[in-house]
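# Structural overview
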Amino acid sequence: MSLQKLREEIDSCDARIKHFFEKRMHFVEEIAGLKKELGLPFYDPGREEAILAGLGREAQELFRKIMELSRERQARLLFPFNIVLIGFMGTGKTSVGQKAACLLGRPFYDLDQIIEKTIGMPLPQYFQRRGEASFRRKEKELLCKFPFGDGPKVVLAVGGGAVLDPENAALLRAKARLVLLTASSETIFKRIGAGAGRPLLGPEATADKIKRLQKARAPIYAACTQWRVDTDGLTVQAAAAEVLNQLALKSGS
Ligand code: S3P
């Protein structure tokens, strides 16, 4: 076949791919509507695995991208709001938030990381030099400056103490849907070790110390939101999927 002819064949394939891609995205949007109406989960990793099974490496790569674009299209319809993860340290806010943002195809931010960048040192060092009160002032100042609504919708994780300030909590509730992550004190102790990098617990964190602080904060966290995910025994991916599924199932009040 001549080069000209082969190129015509490719153009004809591309036209068909484009047609079927648009058709697929249309069905994807319809499915988003059904998921909302019937309260079905947003993200089903089993379904994605089934689509990929039996495909060769290149086709898998292509279909991964197609599914990523499909998820993003559904996400725009199902989650037209910012998402903020709150909860005690070690409940997985940063890792789960990152994964959820990745599934939605939107940016992820971590308030503690923003604070560290601004103050130019790790939080434990700042706590040691300037104390907790100074940290809380910085936390509040940077939260107030966070550019919610300036660009695409985001996923934001905030430090465990951020919502203890009622004004911070009110601001977050006005700008986003809040999801509370929880875990048992034993799980948290296992995840954060003896507290290195968690200045609030001091140099010697124990499961007991964690439990006491958790108990004091629990009612404040609970009052912030109706969405809650217990991350005990969940992988990061499963916890992120649960966050999104909960948000898709229970609409805000
Ligand atoms: C704090 C939690 C930390 C960090 C600071 C204070 C808290 O964030 O903001 O050490 O009061 O619970 P993580 O919850 O992300 O560990």
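Since we're looking at a predicted model, the values are computed, not measured.

A word on the overall build of the chain. The helix and strand inventory of the chain stands at 11 helices and 5 strands. Across its three principal axes, the chain shows a C-alpha extent of roughly 75 × 40 × 35 Å. Looking at the chain as a whole, 39% of its 253 residues qualify as buried. Long-range pairs, those at least 24 residues apart, make up 74% of the contacts in the chain between residues at least 6 apart in sequence.

Let's shift gears to the site of the ligand. Neighbouring the ligand are 13 residues; Lys93, Asp112, Arg136, Arg198 and Arg217 lie closest to it. Within the side chain of Arg217, one N or O atom sits 2.6 Å away from an oxygen atom of the ligand.

Another aspect to go through is the pattern of salt bridges. Overall, the coordinates contain 14 salt bridges when judged by the stated rule. Put simply, Arg136 and Glu139 hold a salt bridge, and the shortest N to O gap is 3.0 Å. With Arg136 and Glu139 both in helix α7 (residues 132-145), this residue pair falls 3 residues apart, about one helical turn. The class for Glu139 is buried, based on a relative accessible area of 1%. Among the salt bridges present, the one from Lys211 reaches Glu186, with a minimum N-O distance of 3.8 Å. Of this pair, Lys211 sits in helix α10 (residues 207-224) while Glu186 sits in helix α9 (residues 185-192), and the two are 25 residues apart along the sequence. Assessed through its relative accessible area of 44%, Lys211 is described here as partly exposed. Salt bridges here are not isolated pairs; linked through shared partners, they connect Lys5, Glu8 and Glu9.

A full pass over the atoms with the stated rule returns 5 aromatic pairs. A ring pair is formed by Phe79 and Phe81, whose centres lie 6.1 Å apart and whose planes are at 85°; its orientation type is edge-to-face. For the pair shown, Phe79 and Phe81 are each scored as buried. Within the aromatic cluster, the residues linked to one another by ring pairs are Phe42, Phe79 and Phe81. Taking the ring centre of Phe81 as reference, the NZ or CZ of Arg177 above it sits at 4.0 Å.

This part is about the sheet that holds strand β3 (residues 155-157). Read from one edge to the other, the open sheet built from 5 strands follows the order β2-β3-β1-β4-β5, with strand pairing classed as parallel. Unpaired on one side and paired on the other, β2 (108-110) and β5 (227-230) mark the two borders of the sheet. Here the strands of the sheet are splayed against their neighbours by 25° on average, with no regard to which way each runs. Alignment of strand β4 (residues 176-182) against β5, held across 4 bridges, turns out to be parallel. Residue pairing for β5: Thr182 is matched across the bridge by Asp230.

Definitions and limits used
Residues numbered from 1 in each chain as written. Predicted model: local features only at pLDDT ≥ 70, side-chain atom pairs only at ≥ 80, totals over all residues. Heavy atoms only, no water. Helix = DSSP H or I, 4+ residues; strand = E, 2+ residues; numbered from the N terminus. Buried < 20%, exposed > 50% of the residue type's maximum accessible area, 1.4 Å probe, protein only. Contact = heavy atoms within 4.5 Å. Near = heavy atom within 4 Å. Polar contact = N/O pair within 3.5 Å; in protein donor to acceptor, adjacent residues only side chain to side chain. Salt bridge = Lys/Arg side-chain N within 4 Å of Asp/Glu carboxyl O. Phe/Tyr/Trp six-rings, centres within 6.5 Å; stacked < 30°, edge-to-face > 60°. Lys NZ or Arg CZ within 6 Å of the ring centre and 35° of its normal. Pairing = 2+ DSSP bridges. Axes fitted to C-alpha atoms, helices over the stretch in contact; angles between N-to-C directions.

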